[in-house]
Amino acid sequence: MTYKYSLLSIFTAAALAGCGGSSGSSSSSTASTSSDTSSTEQAVTTTLSGKAADGYLSNANVCLDLNLNKVCDTGEPSAASTSGGEFSLTGVTQTQIDKFPIIVEVVAGATIDEDDPGTVLTQGYTLSAPAGFTFVSPLTTMVQNEIEKGSTAEEAETAVKGKLGTTLNLADDYVAGKKDDSLSEEDKAEFKKLHQVAQVTANVISSNMALLEDTAQAEGIKVDDLISLIVDQVFDAMDEITVQIEAAEADDSTEFDSDSIAADIDKELITLEADKLQEQIAQQEAESQAVAASLVDLIKTEGINWFWGETDDTAPEFEYGTITVNEQGLVSDIEYSWETEQWVLQSNDNDDNNEWLLTSAGWTAYDDSVETVTLNSDATITLHHAGLPELNETIKGTQLALAGLNASLIMDETDGDGTWAEAIPENVVFPQGAVGYKLDFQQNGDRYTFNNWDGCDDQNKLGGLCNTVWHQKGTGNYEDNGAAVTLAEMVVANALSLSGTQEDIRNLNAVHLGWMGKDTLAAELVAGGKINYYKINYYDSTVALLTTGSWSDITVHGKTLRTISAPNYFSEYDGFFDDRDNIILLEYLDGVRIGEHKAADEQENQGFVFNSTARDFILANFDSTLISE
């Protein structure tokens, strides 16, 4: 079957649907059983009813994928979706329903997305849902893709929900949910966001199918491999898709535009290219065959070889190093940086303790160097940082053979911003014996930290630290404003009632947490735990309410920490949200500081590290002049 789904498939599905009965339009599986007692005993069959959606998709081809090839083949239970995205697959057994995923083929020239009624879609693409689901969408496609990569259904849905920042069930109909008045306003708004994410995601999937399908067909690449490759990259971009949607929703001056957001995501985060398709498919296949790695054997012998690179406003920076451990568990980390056109050995001395960690002894300065390593019996390793158990983390990894894989594509997944990939010739491939490792770090306890940064003037320091929180106190006198000294002073008894005049700026009692262009993001902490987030423009003297959040105080090791909730899109602002996941406010050295909380068992995926064969090959092919100025 070709990538550009022909109209024949939809007419075939319609004919099949016309030959069988339907159990109705319910969005859950219905039991309309039958058996043929006049001949050989047959399996009891039923009808599987559900809905297909980006917006509701009518005249799409729907089937149970009995041979798991992401194509609706002749002989598989099939039907055409109707108004409201409804479909009914007749003559299926419960075993098939429980075992096989649902496929929805959006057919170019036939399928209509009811988000744009009456307009036939011009580009085909494929959606899927795990066995047992009855709602098929771009979001369930992400879940199914994670299952195909080895996750359980529960693990897969948890991973996708984590990317989306939602607790809602991804098998639920978000089109209906956003209009369901029996739900809370919060849940309705969340279903609306999920619908918008689905719209952007479908747009990215379909545009990349259009870009790559001809090349894939010409090079003999299977449909399921191409779809998996595209969905993998869309899944990785899901956080940013969610952030951009939330930002658009909060901005009264703009309307949600799925095409515009999808174009931004395509440009910034999707790295699929027709002329590298075979190489990207080869890497995907290698990763699918990755096996658990014995990090113990690796770090005791040739070591873990890491690479880091970033390009700032001046010039690209490159570093690499090798981490080994001896029989006593003592760590050796040999690091090099690229300076004046040569590799220079770096000192491991770290005299700048600009990080503070909350321990039972109070706030303790530390650095992130690893002092000792425990080699565990399950082939994982545990890192012990600076003798502080709160920093302990366990690493597990998978390994894959890199021989024949494009080196530049692999280096794009090392630590940093992808700068290393640009310094490796495009067409070189790894030699035999080269091995890559992907590591997962799991911290072993709750971690509360804050850091200090350099570069502020002495008059802007409080208690000798640049980490301060600016507090405009709403007294009407600018001279009263300054760095916050206590958590208590931030809390107001009553929220400001906006008047729409310049007096709003003078009367607002709030702390500044972010900046974007001419706008300042300010948080008004109201007694009882509510936060009002305002956008202040001092140039035109306006204040606008953006959204709300919540705050609460907790006590850890005898210290009061203030936790605050905020939408994900605040990461688009410069300031305190752009590099922190869970912000906390705290008092230290006569001032309020911004910190971060990372929960126990939180996992962080790192980019590739390598064995010595791969390291030596990378260094031999490194060419800093390849990076365009």
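Residues numbered from 1 in each chain as written. Predicted model: local features only at pLDDT ≥ 70, side-chain atom pairs only at ≥ 80, totals over all residues. Heavy atoms only, no water.

### Observations concerning the overall build of the protein
Looking only at helices and strands, the protein has 15 helices and 35 strands in total. At 28 Å, the protein has a C-alpha radius of gyration in line with the 25 Å of a compact globule built from 629 residues. Overall size of the protein, expressed as C-alpha extent along the three principal axes, is 90 × 65 × 45 Å. For the protein, the proportion of contacts with a sequence separation of at least 24, taken over those separated by at least 6, is 63%. Summed over its atoms, the accessible surface of the protein is roughly 29,200 Å², and 46% of this surface lies on carbon and sulfur atoms. Measuring between centres, the 31 positive side-chain charges of the protein sit 5 Å from its 106 negative side-chain charges. (Helix = DSSP H or I, 4+ residues; strand = E, 2+ residues; numbered from the N terminus. Rg over C-alpha atoms; globule rule 2.2 N^0.38 Å. Contact = heavy atoms within 4.5 Å. Areas by Shrake-Rupley, 256 points an atom, 1.4 Å probe, with all protein chains shown as cover. Lys, Arg positive; Asp, Glu negative; His and termini not counted. Charge placed at Lys NZ, Arg CZ, Asp CG, Glu CD.)

### As for the side chain of K188
Topologically, K188 is positioned in helix α6 (residues 185-218). Polar side-chain contacts of K188 include one of 2.7 Å to the side chain of D181. If sequence neighbours within four positions are ignored, K188 has contacts with G177, K178, K179, D180, D181 and L183. (Polar contact = N/O pair within 3.5 Å; in protein donor to acceptor, adjacent residues only side chain to side chain.)

### A short note on the environment of V296
As for its position among the elements, V296 is in helix α11 (residues 295-300). Residues V296 and T374, spaced 78 residues apart in sequence, show a C-alpha to C-alpha distance of 9.0 Å. Ignoring sequence-local partners within four residues, the contact set of V296 consists of L375, N376, A379, T380 and I381.

### A short note on the packing of helix α8 (residues 238-250) against helix α9 (residues 258-268)
Look at α8 against α9: their axes get within 10 Å of each other, and the N-to-C directions meet at 145 degrees. The two elements α8 and α9 meet at a crossing, and its hand is right-handed. Of α9, the residues touching α8 (which contributes E240, I241, Q244 and I245) are I261, D264 and I265. Partitioned by chemical class, the residues of the contact of α8 with α9 number four nonpolar, one polar and two charged. (Axes fitted to C-alpha atoms, helices over the stretch in contact; angles between N-to-C directions. Left-handed = near helix turned anticlockwise from the far one by under 90°. Nonpolar A, V, L, I, M, F, W, Y, C, P; charged D, E, K, R; others polar.)

### As for the confidence of the model for the protein
Averaged over every residue, the pLDDT of the protein is 87; the share at 70 or more is 92%. Residue range residues 1-41 is modelled with pLDDT below 50. Its contacts to residues more than four positions away, or to other chains, number 84 contacts. (pLDDT = per-residue confidence, 0-100.)

### Let's talk about helix α7 (residues 223-236)
For α7, built from 14 residues, the straight-helix expectation of 20 Å at 1.5 Å per residue is met to within 8% by its first-to-last C-alpha distance of 20 Å. For α7, the buried fraction is high: 13 of the 14 residues fall into the buried class. (Expected span 1.5 Å × (residues − 1). Buried < 20%, exposed > 50% of the residue type's maximum accessible area, 1.4 Å probe, protein only.)

### Some points on the state of the cysteines
Two cysteines joined by a covalent bond between their sulfur atoms form a disulfide. Taken as a whole and assessed by the stated rule, the structure comprises two disulfides. C63 shares a disulfide with C72; S-S distance 2.2 Å. On the S-S bond that ties C63 to C72, the torsion sits near -90 degrees, and the link is left-handed. A relative accessible area of 0% means that C63 is categorised as buried. The class of C72 is buried, set by a relative accessible area of 9%. Put simply, C456 and C466 are joined by a disulfide, and their sulfur atoms are 2.0 Å apart. (Disulfide = S-S within 2.5 Å.)

### Things to note about a negative patch on the surface
Among the surface-exposed residues, E310, D312, E317, D412, D415, D417, E422, D581 and E604 lie close enough to one another that they form a single negatively charged patch. Checked against the element boundaries, D412 lands in the loop between α12 (407-411) and β21 (415-416). Accessibility expressed as a relative area gives 36% for D412, which makes it partly exposed. (Patch = residues over 30% accessible without salt bridge, like charges linked within 9 Å, V, L, I, M, F, W, Y side chains within 5 Å. Salt bridge = Lys/Arg side-chain N within 4 Å of Asp/Glu carboxyl O.)

### Quick notes on the layout of surface pockets
Counted as a void, the second largest pocket has a volume near 560 Å³. Taken together, 29 residues form the lining of the second largest pocket, with W470, Y478, N481, G482 and H512 sitting closest to its centre. Classifying every residue of the lining of the second largest pocket gives 13 nonpolar, twelve polar and four charged. (1 Å grid on protein atoms, 1.4 Å probe; cavity = no way out; pocket = protein on both sides within 12 Å on 5 of 7 lines; lining within 4 Å. Points joined across faces, edges and corners; volume = space filled by probe spheres on them.)

### Re the sheet that holds strand β5 (residues 78-80)
Taken in spatial order, the four strands make up an open sheet running β5-β4-β7-β9, and their pairing is antiparallel. Each of the sheet's edge strands pairs with one partner strand only, and the pair in question is β5 and β9 (125-129). When strand polarity is set aside, the average angle formed by the axes of neighbouring strands in this sheet is 20 degrees. When strand β4 (residues 61-64) meets strand β7 (residues 102-106), the two strands line up antiparallel, connected through four bridges. (Pairing = 2+ DSSP bridges.)

### A look at unusual backbone geometry
A positive phi angle, close to 55 degrees, is found at L68, a residue other than glycine. Following the sequence through the fold, L68 ends up in the loop between β4 and β5. On the basis of relative accessible area, L68 is assigned to the exposed category, the value being 51%. Phi angles above zero are rare outside glycine, and K70 is one such case at about 60 degrees. Residue classification places K70 among the buried residues on the basis of a relative accessible area of 7%.

### Focus: the pairing of strand β17 (residues 362-366)
The sheet contact formed by strand β16 (residues 355-359) and β17 spans five bridges and is antiparallel. Of the residues in β17, the one forming a bridge with L357 is T364.

### Concerning the packing of aromatic side chains
With the rule as written, the count across this model stands at 25 aromatic pairs. Between W343 and F622, the ring centres sit 5.2 Å apart and the planes meet at 45 degrees, which makes this aromatic pair tilted. Of this pair, W343 sits in strand β15 (residues 342-345) while F622 sits in the segment after α15 (612-621), and the two are 279 residues apart along the sequence. A relative accessible area of 12% means that F622 is categorised as buried. Members of the aromatic cluster, each reached through a chain of ring pairs, are F307, F318, Y320, Y336, W338, W343, W420, F430, F608, F610, F617 and F622. Above the ring of Y539, the side-chain terminus of K518 is found at 5.3 Å from the ring centroid. The cationic tip of R562 hangs over the ring face of W551; the distance from NZ or CZ to the ring centre is 4.5 Å. (Phe/Tyr/Trp six-rings, centres within 6.5 Å; stacked < 30°, edge-to-face > 60°. Lys NZ or Arg CZ within 6 Å of the ring centre and 35° of its normal.)

### Digging into empty space enclosed by the protein
With the rule as written, the count across this model stands at one cavity of 30 Å³ or more. Forming the walls of the largest cavity are K70, T126, L127, S128, T141, N145, I227 and V231. Counting residues per element, the ones that place at least two in the lining of the largest cavity are β9, α3 (138-148) and α7. When residues in the lining of the largest cavity are grouped by element, the largest group, three residues, is from β9. Of the residues in the lining of the largest cavity, the class split is three nonpolar, four polar and one charged.

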